[in-house]
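# Structural characterization, general
Here are the chains, one letter per residue:
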Amino acid sequence: MSETMSAREARGPHEVGGAEARPERRFEAVIGIECHVELKTRSKMFCGCPNEFGGEPNTNVCPVCLALPGALPVANTAAIEHMIRAGLAFNAEIPAFSKFDRKNYFYPDMPKDYQISQYDMPLTQGGVVRYWLDDGTMKECRLTRIHLEEDTGKSTHAGSGDGRIAGSTYSLVDFNRAGVPLMECVSEPEIHSAEEAVGYLESLRRTLQQIGVSDVKMEEGSLRCDANVSIRPVGSTELGTKTEIKNMNSFRSVHRAIESEIERQIAVIESGGRIVQETRGWDEVKGVTHSMRSKEQAHDYRYFPDPDLVPLEVSRAVVERIRAELPELPPARFVRYTTQYGLDVKQATQLIDNVALALYFDEVVNASGNAKQSTNFVLGDLSRLANETQTPVHASPVTPAHLAELIALVEGKTINSKIAKDLIERMWRGEGSPKAIVEREGLAQTSDPAAIEKFVDDVLAANEKSVGEYKAGKTNVIGFLVGQVMKASKGKADPQLVNALMKQKLES
Ligand SMILES: [Zn+2]
């Protein structure tokens, strides 16, 4: 149910009901995703220029990334280690040998007129991305490979849209990005819906971010993705003709673009047409894909090993060191939170997407032994206070040990929930141990029946009118009477006991 809801919400109003409203699904979508991810390193892939987003055009350049004659590239070790890190995070194989190849094509944003990439011996082979859907279902999509290459420069087509000014067409090129280390993650065609595509991308993105290899910002272009989409009759195992969709600048666009392209292909087939292999651009405003260029003739990139770079021998010791350094990864954390701790999908995802908060939460659970109360406090009061004060929970004065103390006070019925709420505010303001506050100020809940009975009797005596109303059938005044007892006891009476005793006295 919730999956259907969220799928509809994500799709946008104009397409609601598109997929689900069909009486029977005759076609299955087959989707593969290619992601280009810029690696987070201090310098570029083959030179010492800073790897920074922004900056004045053509300021982060040198003879190597501008491909001046005689300049020689030197591979960036940090980028190679990031590749190994990513490979291991997705359980890929890290071959002992790897090399760089030249991919030849002419394009103005490539000063060398070739791109250093990897052809037949990439740094990682295979692997699998585990991801989850909104209903909590775990899915897997295998990776073909992740290989390392250099990013190109960036061209800006200036002028009035078509780049035509005073009768001439021109473009501006910025080489700051040329030579930035770039990984290309290629998936197998094992994704079958827009929801799955977004789930896959979310998992890929949060994993790459959490292992520290990229800042994965789509808005800055450090994560870019294309989707290969085809359809086939349900039950068929053959692949249909695919189209490649480009220009999707958010995961929401990916979702809309894939949905729209699947519907378009079904309509073409159902009206007796055929799908043409081509590259299609996504039009965010119109909500449709449009043909960009035909892919009928494959490019001949004339790959050959780059003679300027020695082949790489990947040391097993380095691989094992990197493996040992990997943190707990998002899919493992998701399974632990949902199955072991009983969190719902939204709660688990919220924590996983805020690693500092997740680590804090883990400490609270370890110290308190109570996952449910830890979830309530961390995602409830503490997250609210964090929003209000713009201070992250883990940087607040509320330590996991103190929060565990508070949970023990609540669970042991030493304090009631109202006092707990007051205490958490005071802890946030830096008042320290809740146990110490409770002891110092005598805030422990009163569960002594004699003391509570005295409070109840006093309140009943002072509120004859309400007592009369109750006896006349207006039983909801009991809430008011209980409230008076809580007030008289300064919030310390056990509300359940008060309620029970009050009811008993009113009905006797
Ligand atoms: Zn450079």
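These remarks concern the structure in this document. (Residues numbered from 1 in each chain as written. Predicted model: local features only at pLDDT ≥ 70, side-chain atom pairs only at ≥ 80, totals over all residues. Heavy atoms only, no water.)

### Side note on the coordination of the zinc ion
Here the zinc ion is held by Cys-47 (SG), Cys-49 (SG), Cys-62 (SG) and Cys-65 (SG), and the distances to it run 2.3 to 2.4 Å. The coordination sphere of the zinc ion comprises four donor atoms, whose angles at the metal cover 99 to 116°; the geometry is tetrahedral. Spacing between the donor residues of the zinc ion along their common chain follows C-x1-C-x12-C-x2-C. In this pair, Cys-49 sits in the loop between strand 1 (27-38) and helix 2 (77-89) while Cys-65 sits in the loop between strand 1 and helix 2, placing the two residues 16 residues apart along the sequence. Given a relative accessible area of 6%, Cys-49 falls into the buried group. (Donors = N, O, S within 2.8 Å, 3.2 Å for Na, K, Ca; no water. Tetrahedral: all angles 85-135°; square planar, octahedral: opposite > 155°, others 65-115°. Helix = DSSP H or I, 4+ residues; strand = E, 2+ residues; numbered from the N terminus. Buried < 20%, exposed > 50% of the residue type's maximum accessible area, 1.4 Å probe, protein only.)

### Points about the packing of helix 9 (residues 371-389) against helix 10 (residues 400-411)
Running from N to C, helix 9 and helix 10 cross one another at 115°; their axes reach a closest spacing of 10 Å. Here helix 9 runs over helix 10; the crossing is right-handed. Between helix 9 and helix 10, the residues in contact are Gln-373, Ser-374, Phe-377, Val-378 and Leu-382 and Leu-403, Leu-406, Ile-407, Val-410 and Glu-411, respectively. Looking at side-chain class alone, the contact of helix 9 with helix 10 contains seven nonpolar, two polar and one charged residues. (Axes fitted to C-alpha atoms, helices over the stretch in contact; angles between N-to-C directions. Left-handed = near helix turned anticlockwise from the far one by under 90°. Contact = heavy atoms within 4.5 Å. Nonpolar A, V, L, I, M, F, W, Y, C, P; charged D, E, K, R; others polar.)

### Considering the side chain of Thr-243
Looking at the secondary structure, you find Thr-243 in strand 14 (residues 243-246). Owing to a relative accessible area of 0%, Thr-243 belongs among the buried residues under this scheme. One polar contact links Thr-243 to Gln-265, side chain to side chain, over a distance of 3.1 Å. Other than its neighbours up to four places away in sequence, Thr-243 contacts Ala-227, Asn-228, Val-229, Glu-261, Arg-264, Gln-265, Ile-275, Val-276, Glu-278 and Arg-280. (Polar contact = N/O pair within 3.5 Å; in protein donor to acceptor, adjacent residues only side chain to side chain.)

### Some thoughts on the pairing of strand 4 (residues 114-117)
Of the two faces of strand 4, both are covered, the one formed by Tyr-114 and Ile-116 as well as the one formed by Gln-115 and Ser-117. Bridging between strand 3 (residues 101-104) and strand 4 involves four bridges; their strand directions are antiparallel. Bridging from a neighbouring strand, Lys-103 pairs with Gln-115 of strand 4. (Pairing = 2+ DSSP bridges.)

### Let's talk about the pattern of salt bridges
With the rule as written, the count across this model stands at 42 salt bridges. Measuring nitrogen to oxygen at the nearest pair gives 3.6 Å for the salt bridge that ties Glu-38 to Arg-224. Residue Glu-38 is located in strand 1, and its partner Arg-224 is located in strand 13 (residues 223-233); the two are separated by 186 residues in the primary sequence. The class of Glu-38 is buried, set by a relative accessible area of 12%. A salt bridge links Lys-454 to Asp-458; its shortest N-O distance comes to 2.9 Å. Within this pair, Lys-454 and its partner Asp-458 are both found in helix 13 (residues 449-462), separated by four residues, close to a single helical turn. Exposure remark for Asp-458: the relative accessible area of 39% places this residue in the partly exposed category. When salt bridges that share partners are traced, they join Asp-381, Arg-384, Glu-388, Lys-421 and Glu-425 into one network. (Salt bridge = Lys/Arg side-chain N within 4 Å of Asp/Glu carboxyl O.)

### Description of unusual backbone geometry
Phi is positive for Asn-58, close to 60°, though the residue is something other than glycine. For Asn-58, the location among the structural elements is in the loop between strand 1 and helix 2. Assessed through its relative accessible area of 34%, Asn-58 is described here as partly exposed. The backbone phi angle of Val-216 is positive, close to 40°, even though this residue is not glycine. Tracing the sequence through the fold places Val-216 in the loop between helix 3 (194-210) and strand 13.

### Side note on the sheet that holds strand 3
If you trace the three strands from one edge of the open sheet to the other, you get 4-3-17, paired in antiparallel fashion. At either margin of the open sheet sits one strand with a lone partner, and together these are strand 4 and strand 17 (304-305). Summarising the sheet, strand 3 and strand 17 pair through two bridges and their orientation is antiparallel. Looking across to strand 17, one finds that Arg-102 is bridged to Phe-304.

### Examining helix 2
In a regular helix each residue adds 1.5 Å, so 13 residues correspond to 18 Å; helix 2 covers 18 Å between its end C-alpha atoms and thus fits that length. Here helix 2 has its buried residues at Ala-79, Ile-80, Glu-81, His-82, Met-83, Ile-84, Arg-85, Ala-86, Gly-87, Leu-88 and Ala-89. In the core, the buried residues of helix 2 are packed alongside strand 5 (124-125), strand 7 (138-150), strand 12 (181-187), helix 3, strand 18 (312-313) and helix 5 (316-325). Just beyond helix 2, the residue with positive phi is Asn-91, at close to 60°. (Expected span 1.5 Å × (residues − 1).)

### Points about the environment of Arg-177
With respect to the helices, strands and loops of the structure, Arg-177 is situated in the loop between strand 11 (171-174) and strand 12. Filtering out sequence-adjacent residues up to four positions away, Arg-177 remains in contact with Glu-38, Asp-151, Thr-152, Gly-153, Lys-154 and Arg-224. One polar contact links the side chain of Arg-177 to the main-chain carbonyl oxygen of Thr-152, over a distance of 3.1 Å.

### Section: the packing of aromatic side chains
Applying the stated rule across the entire model yields nine aromatic pairs. Ring centres of Tyr-337 and Phe-361 lie 5.3 Å apart, and the angle between their planes is 85°; on these two criteria the pair is classed as edge-to-face. Pair noted here: Tyr-337 is in helix 6 (residues 330-340) and Phe-361 is in helix 8 (residues 355-368), with a separation of 24 residues, a long-range link. Look at Phe-361 and you get buried, because its relative accessible area is 0%. With centroids separated by 5.9 Å and ring planes inclined at 65°, the aromatic side chains of Tyr-341 and Phe-361 adopt a geometry described as edge-to-face. Remark: Phe-361 occurs in helix 8 and Tyr-341 occurs in the loop between helix 6 and helix 7 (345-352); sequence separation between them is 20 residues. The pair formed by Tyr-341 and Phe-361 is uniform in burial state, with each residue classed as buried. (Phe/Tyr/Trp six-rings, centres within 6.5 Å; stacked < 30°, edge-to-face > 60°.)

### Quick notes on the nonpolar core
Counting residues in hydrophobic clusters, the biggest one holds 64 residues, and the most contacted among them are Ile-31, Ile-33, Cys-35, Met-183, Tyr-200, Leu-208 and Ile-258. With residues near it in sequence (within four places) discarded, Ile-31 still touches Glu-188, Pro-189, Glu-190, Ile-191, His-192, Ser-193, Ala-227, Asn-228, Val-229, Ile-258 and Ile-262. Tyr-337, Ala-386, Ile-419 and Val-438 belong to the second largest nonpolar core, which has 38 residues in total. (Core = buried A, V, L, I, M, F, W, Y, C linked by side-chain atoms within 4.5 Å.)

### Observations regarding the environment of Leu-357
With respect to the element layout, Leu-357 can be found in helix 8. For the pair Leu-357 and Val-378, spaced 21 residues apart in sequence, the C-alpha separation works out to 8.2 Å. Apart from the residues within four sequence positions on either side, Leu-357 is in contact with Leu-351, Val-378, Leu-379, Ser-383 and Val-393.

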